[in-house]
Amino acid sequence: MKKVLLCLALVSIVTGAKAQSFNDYFTDRTLRIDYIFSGNAKEQHVSVDELSTSPRWYGKRHRLTELPMEGNGQITVREHKSQRTIYRNSFSTLFQEWITYPEAEKNTQAFENVFLVPMPKDTVDVTLSLYNNRRELSTSLTHQVVPSDILIRKTGERFVTPHTTMLAPADSNKCIKLAYVAEGYKKEEMPKFLNDVKRCMGYLFEYEPFKSMKDRFMITAVESASLESETSIPHEGIWKNTALQSNFDTFYSDRYLTTLHIKKLHNILAGIPYEHIIILVNTEKYGGGGILNSYLLSPADNKYTPQVVVHEFGHSFGGLGDEYAYDFEQIPAYPHDVEPWEPNLTTLADFHGKWEDMLDDNTKIPTKITEKTKKKVGVFEGAGYSLKGVYRPSYDCRMRTNENPVFCPVCSRALKRVIDFYTK
């Protein structure tokens, strides 16, 4: 319990520290830090791979030491001289998901990860921390970055991937910069890609709160050409030469669509305004994947593409958890004696601060499913891949099934809070 409380203290939304101006510590450039995460179910390691810098900083310029959500990992930047925290952000990774699978019990593997922070004016200490599903620190690395280091590679200045602004924000200084990246589109297929982006943008902005807050988004279409169309489907023996070498069958799940080539992704995006990433895959096959503050992948041409884009954006942007559970596949992702950090999941270990304030006075906890309770916020068992012990706020939601047409009130509020965090 002490470890859990310590973790919670570290990720408190309000740090209590005196707010500082962006210009006090940072220049208008991006520092990209490439890491290698390696290990297995028993031990994990973090190593620095490479440092690079590119023009402009497109992330947050206010609330620099606050987090919109806890995540499964965090990056913290401290001024070296004073050890004052000057920037923080949270994330999740495929590596942390992989170590929960049986394969990690017998094999050791390495994964690429890339994180962006504003370019410091002076020497800083950067700490990269990973947490397990009990919200306890599993491993961390602290390393020093000297901005004048001649080996920090400069990118995004001479060679920039062709790109088009698809949506301009009302205020470019207070907006969320979202890049759609082409995957599995050959050069001659870029007109299709741009049309696909327009269509998928429309899907996203059909949903609240995105619909009413559309003016707070900047959207760029990035024309990263592939040598072959579509994507790889390993269980069918299909391997394609694409820009990001994406594939289905991630962790042997036939519809889990991801890419492990995170450095290639950020090389493609160097010099382009982006903070959040949607990788649009030129395929009709159903599937997808979304990782907090990393990326999401969605097929462009499946009948469920509208639902997949929006659902996965709920993960990658909003930090929302999956609200479904199946008899045939139960994954012990959430220990029942630890409260999940995701705003739309609870184990009732510490329900205060979740959606308790949105319940009617006569709503019982847990909530039994009836025709009456289906229409309001409750605490319904079956979520987070577990039929028992993990609870969701609504009978149905965009984070639960493809058939539900909206986000539930709890998820909508959580997404609105994230948008406000970045733009207010």
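These numbers come from a predicted model, not from an experiment.

Focus: the environment of Ser54
Working step 1: In this fold, Ser54 is placed in strand S2 (residues 44–55).
Working step 2: The spacing of Ser54 and Thr30 is 24 residues in sequence and 5.3 Å in space, taken between C-alpha atoms.
Working step 3: The contact partners of Ser54, leaving out residues within four places of it in the chain, are Arg29, Thr30, Thr155 and Gly271.

Some words on helix H5 (residues 190–204)
Working step 1: The terminal C-alpha atoms of H5 lie 21 Å apart, and with 15 residues this matches the ideal 21 Å at 1.5 Å per residue to within 8%.
Working step 2: All of the buried residues in H5 are Met190, Phe193, Asp196, Val197, Cys200, Met201, Tyr203 and Leu204. Here the buried residues of H5 occupy an arc of 150° about the axis, which is enough to place them on one side. Across from the buried face of H5, at angles greater than 90 degrees, the exposed residues are Pro191 and Lys198.
Working step 3: Taken together, the buried residues of H5 touch strand S9 (163–167), strand S10 (176–183), strand S11 (217–222), strand S12 (276–281) and helix H7 (305–316).

With respect to the sheet that holds strand S1 (residues 26–39)
Working step 1: Read across the open sheet, the 4 strands follow the order S5-S1-S2-S8; overall the sheet is mixed. Edge positions in the open sheet fall to strand S5 (109–120) and strand S8 (153–154), since each of these has one partner strand only.
Working step 2: Pairing between S2 and S8: 2 bridges, direction parallel. Note that in S8 the partner of Ser52 across the bridge is Arg153.
Working step 3: Together, S1, S2 and S5 form the strand contacts of helix H6 (residues 262–269), whose direction differs from that of S5 by roughly 30°.

Some remarks on the environment of Ser229
Working step 1: Structurally, the position occupied by Ser229 is in the loop between S11 and H6.
Working step 2: Residue classification places Ser229 among the buried positions, given a relative accessible area of 16%.
Working step 3: Ser229 has contacts with Gly184, Lys186, Glu189, Lys240 and Asn282, leaving out every residue within four places of it along the chain.

A word on the packing of aromatic side chains
Think of a pair of aromatic rings as described by two things: how far the centres are apart, and how the planes are tilted against each other in angle.
Working step 1: Counted according to the given criterion, the structure contains 27 aromatic pairs.
Working step 2: When the ring of Phe205 is compared with that of Phe217, the centres are 5.6 Å apart and the planes differ by 75°; the resulting orientation is edge-to-face. One end of the pair, Phe205, is in the loop between H5 and S11; the other, Phe217, is in strand S11, with 12 residues separating them in the sequence. Take Phe205 and Phe217: they sit in the same class, and that class is buried.
Working step 3: Between Phe313 and Phe317, the ring centres sit 5.0 Å apart and the planes meet at 0°, which makes this aromatic pair stacked. An identical accessibility class is assigned to Phe313 and Phe317; each is buried.

Description of the pairing of strand S14 (residues 295–299)
Working step 1: Taken across its 5 residues, S14 has 5 buried, putting it largely inside the fold.
Working step 2: Residues of S14 alternate between two faces, with Tyr295, Leu297 and Pro299 on one and Leu296 and Ser298 on the opposite face, all of them buried.
Working step 3: Judged from the 4 bridges that link them, S12 and S14 form a sheet pairing that is parallel. Counterpart to Leu280 in the pairing with S14 is Ser298.
Working step 4: In this sheet, S14 lies alongside strand S13 (residues 289–291) in antiparallel orientation, the contact comprising 3 bridges. Bridging from a neighbouring strand, Gly289 pairs with Leu297 of S14.
Working step 5: Where S13 folds back onto S14 in an antiparallel hairpin, the turn is made up of 3 residues, including Asn293, whose phi is positive at roughly 55°.

As for the sheet that holds strand S6 (residues 124–131)
Working step 1: With antiparallel pairing, 4 strands are arranged side by side in an open sheet as S4-S3-S6-S7. Whereas interior strands pair on both sides, the edge strands pair on one side only; in this sheet they are strand S4 (85–91) and strand S7 (137–145). Taken pair by pair, the neighbouring strands of this sheet meet at an average axis angle of 15°, ignoring direction.
Working step 2: Looking at chain direction, strand S3 (residues 73–79) and S4 are connected through 6 bridges and run antiparallel. The residue bridging Val77 from the neighbouring strand is Tyr87, located in S4.

Conventions used here
- Residues numbered from 1 in each chain as written.
- Predicted model: local features only at pLDDT ≥ 70, side-chain atom pairs only at ≥ 80, totals over all residues.
- Heavy atoms only, no water.
- Helix = DSSP H or I, 4+ residues; strand = E, 2+ residues; numbered from the N terminus.
- Contact = heavy atoms within 4.5 Å.
- Expected span 1.5 Å × (residues − 1).
- Buried < 20%, exposed > 50% of the residue type's maximum accessible area, 1.4 Å probe, protein only.
- Arc of directions from axis to C-beta.
- Pairing = 2+ DSSP bridges.
- Axes fitted to C-alpha atoms, helices over the stretch in contact; angles between N-to-C directions.
- Phe/Tyr/Trp six-rings, centres within 6.5 Å; stacked < 30°, edge-to-face > 60°.

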